[in-house]
Amino acid sequence: MTRDLVVQFLAQGAQMFLVLLLAPLAVGVTRRVKARLTRRRGAPLIQGYLDIAKLLRKESVLAESASWLFRTAPYLIFALTRVAAALVPSFASGLMFNWAADVVALVALLGAARALLALAGMDVGTSFGGIGSSREMMIATLAEPAMMLIVLTLAIAAGTTRLPGVADYFISEPLAVRVSLALSLGALVIVALAENARIPVDNPITHLELTMVHEAMVLEYSGRHLALIEAASMLKLTLYLSLLICLFAPFGMAPASAGLVGWLVGLVAWTAKLLLGAALLGVWEVSIAKMRVFRLPDFVGVAFVFAFIAILLAYLSSGDIG
Amino acid sequence: MKIAYEISHLLAGIMLVASFALLYQQRVGAVINAFAAQSITLALAVAWAAWSEHRPDLFITAAIAFGLKGVVIPLALRRTVERLGIHREVEKVVGVGVALMVGLALIGLSQALVVKVTRGTMGLGRDELALALAIVLLGFLMMIVRRNAVTQVVGFMSMENGLILAATGAQGMPLVVEVSVAFSVLISLFVFAVFVFRIRERFDTIDIEALDRMRGDRR
Amino acid sequence: MLALYASGAALAVLAGAAGLAILARGALRLVYPLAALAALALGAVDLHVLLTGDVLTGSLPIGLPTIGLRLRLDSLSAFFGVVINGGVLAVSVYGLGLDREKDLTPRVEPLFPLFAAAMNLVLLADDAYGFLFSWELMSLSSWALVVARHTDPESRRASHLYLVMAVIGTTALLFAFGGLAGPAGGYSFDTIRAHAAQPAIAALVLASALIGCGSKGGLIPLHAWLPLAHPAAPSHVSALMSGVMTKVAIYGFVRIAFDLLGPPAWWWALPPIVLGAITAVLGLLYAVLDRDLKRVLAYSTIENVGVIFVALGLALAFRANGFTQGAAVALTAALLHVLNHSWFKSLLFLGAGAVLHATGRRDLDGLGGLIRTMPRTAIFFLVGALAISALPPLNGFVSEWLLFQSVLAGPMLPQASLRFAVPAIGAMLALAAALAAACFVRVYGTAFLGRPRTVEAARAHDVPLAQQVAMGALALLCILGGLLGAPLASVLAPLVRTFSGGMLPASGSGPTPFSLVAFDSARSVYDAAVIALFVTIASLVTLVVVHRVSERRTRRGPAWDCGFPDPSPATQYTASSFAQPLRRVYGTVVFGARETVTMPPPGDRSAASLQVTLVDYSWRAFYAAPGAAVLRLAERLNMLQFLTIRRYLVLMFAALVILLSIAAVTT
């Protein structure tokens, strides 16, 4: 019994550690694919780790008008994103702290991280921070409801709001083509692009303030604070990729009762799918241009409409949840 | 028993006729006479109810009705009319014919209403109640189709007559009520008289339409 | 018995404090300590009743001749009593810090305990007369507080509109109670409960109750007075009005819809749900575009009242269909949101009061940088802002989570219109939650963060200790309320069972004692304490690791600002700038927002101007149009003032004949 408990604990710890470990690699894959497709050599795959290490080594320069909120926000944002990422099932679904993981709470945790980042953007008192924060909150008012509706649709389909329960449902059910789930998939992809500040919503490598959203908010950060924020955004990307994988491509994920072998298989499957997703993201970003800021509401609004239709269909066609 | 009922019914009918008379009279003096006749008839009806139903307290009511409304008030009104010098005919708003038609309609209304309301109860008191209600309504009608302030006073008091008649039919109308009614009538008469006098003094007329033109407010 | 005497004594203390303050100017200082003590006593009694489930009754000989004033304290009244007295206590402690010479006036202080006493009396009333009397007393005392600064034309206008809306609300409640009492005319709540109303009458009662209680709570379209009146009152009174008086309105609705009307029909749920959702979204859209700190908070109150009405509507829908556990979840969500909102809204208004006191300014564009000049207020306000945005692990998220769980149970409902409405409502609630976060990031970012935009903001100082204690206590309650959501829900369980028929699984059925379980622990669990613990551990571990591994030095320098830092604080974002993206997305549709830019021609040195026009369509449709119609009708009917005596008599005669004819014709 105790040995089981210890093994479970170790597995949970391994999951939390692995997600963190693989995040910069996923971002590295995306960048490399983008570079290769635009006929450049591109940075090495481990560039993400090198960037973070470089930032950690540098001195942190704070603006004179920055307050304690500016200094503590990166730690909190990183911690919130880390906890959220740990709650998403990656290679196995029945791990130890699952019961605390509720999809609604997941969305809210990510919302908390975003609110703190927006506040940090306003803290120094420059116009860049204001641009970033206001645009970020505008996108959030469209993306977060869409995300909430997506998770509610999935919860109605699976009969529970616990994320492992939803994952189990999607593992066990054959991939039935249900219109509401297909719409949810489309909506979730759009929301993931919006939340992670990827093209066409935001350009992660831009230096032009008129096109910035996320970069504008973190403009004043440097040194270890910037390292934490960069790590948090990489972790968020990995989180969304894991979520998409766990919901819509869960084959290979170990169910709750699997032993070590099952976990290893799940681990390999998950890593492969993650890196594949990162590569696909790279291809997508190269093929499409960034949208004007005020066309974004239309784009993210599409996600909201899809998600709303999905939940409507789920409601009207479902019977008793029980 | 039946005869007693017939007689009270007759007296109530005479009161109704007097109300009609009030409506079609042209001269102020005749109006006052008709009112006096109505009041005396009321006194007789109440006295008859007192005797036939063995309710001695109603005699007092009858006496008050006779004395106050049958004698004192008509005399007072005559004196007022002489002092004011009103010998003209009563100004009318609608013609006599229309007023009488409306009066007949009101009688029909009160009959229908009383039948509807007292369905299932004893029939004896019902007709008197209907007549009394008709007298009240006719008194009100008189107040609105005549322009003379004196005739309005008379109309008001004939409404009171109708109320007293209705109350007589009800079991046990206490003396206190009658006394208070009497006093209210007396006081209202005094108020009206003073009012009329004053108006006549200031404006040389008690035609209320003419008075209205003197009002200072914007219309 | 002792409890009853204690409450009576506390109410008497409040009345006495009011009287004293009117009579003796020196006694003004006593008002707040006395009010705090009385609130403490009343709150203790209410807590006792809530925890033990006793029902206290009593009666006073004042009031209507044969009926008197009947009082009853049951668990519903006790819960709302805890909410109200908690708010009064916090505000009284805040009031202790007010400056005697500058702030205490005979216009405000005497009415404060009267207001508190009236709100408590509404909860205690056990018959229609007592309820309406206390309700009117509450309205009038708060009106007098709103009109305290009568020289300010904004206050005058606000008080006028408030009075009109209060009268409309009370008239609607008169109709509601008249319908409930029925032809027999039994006005005490016991007789009303004993006989159920017919469906047509029940519909009328529900509509009147929704109008009456909704107008006091701020339900659209009866909301227009709230953002004018709440900011016009002194700040601590605004906290009481927004955080507490709106809850009395909710209590009225719960008492009528859940208790006095008897078993609900399914369609009763539709008006509160629809109106509540519209109110939630519209309230926040107003808030996001407004530039006055207190008005933003007032609009946010409207949103939260809308959310509570949605939860109550869902509870009615579930109860009507017999899904008692769903009703229990929705009702718990509503009640917890009542409690949570009273805490964080009071906190935010007290914070706004502190800012007003320190800087003398209420406009967001005149503030800035207060996190450095008013550090403690800034921390407390931050807790309030995060709590109201429903971010875990604070208390706002607990009630939001329960509400979403009950929305998820919506597919159980058999009626088609409900099935269609619930997901739409869910979407609007999610939108409201996101807009709330945007709104409060804007408020906090503009007022407290950044650099000071005016001299007053730069010279601000923190507020006296009493006010900090009040705000700190409320902030602590917000944090504790978030962590202890499950124990709170289990305290409410007996109350919820009485009014909904079901209950949440007991608090031990989840994995830890702090897990909040909605239907079934296999289905949905929210464990605030565990999540908070994880986040704290993760933060600390990150802190330690990063500090070991990284360069620890920190340097201060000018802001980077892409290489062009501007020393003028006017270049930073203002509140309207922050709202501009939201104005473009939502404002063009909902408010007809138009921006007009006037650029002078080249060579002309006059300033360019940007003009933003917003149209309040609900004001036009529901207030300006009926107001104009009423005036036109009044002009026409004014003719009735100038009739002759004879014409008046004609009117009376015609009325009499018509009534008699009706009586004659109808059976």
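Residues numbered from 1 in each chain as written. Chains lettered and ligands numbered in written order. Predicted model: local features only at pLDDT ≥ 70, side-chain atom pairs only at ≥ 80, totals over all residues.

With that settled, the discussion passes to the interface of chain C and chain A. If you look at the interface, chain C gives 71 residues, while chain A gives 73 residues. Here the side of chain C that touches chain A takes 14 residues from helix α18 (residues 416–447) of chain C, the largest share from any one element. Of the residues that constitute the side of chain C that touches chain A, the class distribution is 45 nonpolar, 15 polar and eleven charged. Bridge count between strand β1 (residues 60–63) of chain A and strand β5 (residues 554–557) of chain C: four bridges; the pairing is parallel. Paired with S60 of chain A across the bridge in β5 of chain C is T554 of chain C. (Contact = placed C-beta atoms within 7 Å. Helix = DSSP H or I, 4+ residues; strand = E, 2+ residues; numbered from the N terminus. Nonpolar A, V, L, I, M, F, W, Y, C, P; charged D, E, K, R; others polar. Pairing = 2+ DSSP bridges.)

Once that is clear, we can look at unusual backbone geometry. Cis geometry marks the peptide bond from I199 of chain A to P200 of chain A; its omega dihedral reads 5 degrees. Tracing the backbone shows P200 of chain A in the loop between α7 (179–195) and α8 (214–217). Across the junction of I220 of chain C and P221 of chain C, the peptide omega takes the value 5 degrees, indicating a cis bond. By the secondary structure assignment, P221 of chain C is in the loop between α9 (199–217) and α10 (226–232).

Taken together, the 15 residues of chain B in the interface contact 13 residues of chain C. Breaking the side of chain B that touches chain C down by element, the ones donating at least two residues are α4 (96–117), α5 (124–145) and α8 (208–213) of chain B. Partitioned by chemical class, the residues of the side of chain B that touches chain C number nine nonpolar, no polar and six charged.

A146 of chain A together with A35 and L429 of chain C are the most contacted members of the largest nonpolar core, which totals 368 residues. A35 of chain C has contacts with L14, A17, V88, S92, F112, P113 and A116 of chain C, leaving out every residue within four places of it along the chain. Formed by 60 residues, the second largest nonpolar core is a distinct cluster that contains M15, F35, I73 and V150 of chain B. (Core = buried A, V, L, I, M, F, W, Y, C linked by C-beta atoms within 7 Å. Buried ≥ 20, exposed ≤ 12 C-beta atoms within 10 Å, placed from the backbone.)

Before going further, it helps to spend a moment on helix α3 (residues 68–87) of chain A. Compared with the 28 Å implied by 1.5 Å per residue over 20 residues, the 29 Å span of α3 of chain A between its first and last C-alpha is a close match. Across the 20 residues that make up α3 of chain A, a large majority, 17, are buried. (Expected span 1.5 Å × (residues − 1).)

Residue and element names in this part refer to chain C. Running from amino to carboxyl end, helix α14 (residues 324–359) crosses helix α17 (residues 395–408) at an angle of 155 degrees, the nearest separation of the two axes being 8 Å. It follows from the interaxial angle that α14 and α17 lie roughly antiparallel. Crossing of α14 against α17: the hand is left-handed. Contacts from G326, V329, A330, T332, A333, L336, H337, N340, W343 and F344 of α14 reach α17 at N395, G396, V398, S399, L402, L403, Q405 and S406. In the contact of α14 with α17, the residues fall into nine nonpolar, nine polar and no charged. (Axes fitted to C-alpha atoms, helices over the stretch in contact; angles between N-to-C directions. Parallel < 35°, antiparallel > 145°, perpendicular 65-115°, else oblique. Left-handed = near helix turned anticlockwise from the far one by under 90°.)

Moving on: the packing of helix α12 (residues 270–289) of chain C against helix α13 (residues 293–320) of chain C. Residue and element names in this part refer to chain C. Orientation of α12 relative to α13, taken along the N-to-C sense of each, is 160 degrees, at an axis distance of 7 Å. Classified by the interaxial angle, the pair formed by α12 and α13 is roughly antiparallel. Classified by chirality, the crossing of α13 by α12 is left-handed. A breakdown of the residues in the contact of α12 with α13 according to their chemical character gives 17 nonpolar, six polar and one charged.

A few words now on the arrangement of the chains. Where two pairs of chains are in contact, the pair with the most contacts is made of chains A and C. Chain A shows no contact with chain B. Their nearest C-alpha atoms sit 56 Å apart.

All names here are of chain C. For S346, the location among the structural elements is in helix α14. You can call S346 buried: it has 28 C-beta atoms within 10 Å. Along the primary structure S346 and L297 are separated by 49 residues, whereas in three dimensions their C-alpha atoms are 9.9 Å apart.

Each assigned domain of chain C is listed with its residue range as follows: domain 1 (263–505) and domain 2 (617–665). Summarising the inter-unit geometry, the C-alpha centres of domain 1 of chain C and domain 2 of chain C are found 44 Å apart. (Domains from an automatic or database assignment.)

Residue and element names in this part refer to chain C. Among the five residues that make up strand β7 (residues 609–613), zero are buried, leaving the element largely open to the surroundings. Relative to β7, strand β6 (residues 594–598) runs antiparallel, the two sharing five bridges. By the bridge assignment, T596 is partnered in β7 with Q611.

Now for the confidence of the model for chain B. Taken as a whole, chain B shows an average pLDDT of 78; of its residues, 75% reach a score of 70 or greater. α8 of chain B is the least confidently modelled element of chain B, averaging 65 in pLDDT, while helix α2 (residues 28–52) of chain B averages 89, the highest of any element. (pLDDT = per-residue confidence, 0-100.)

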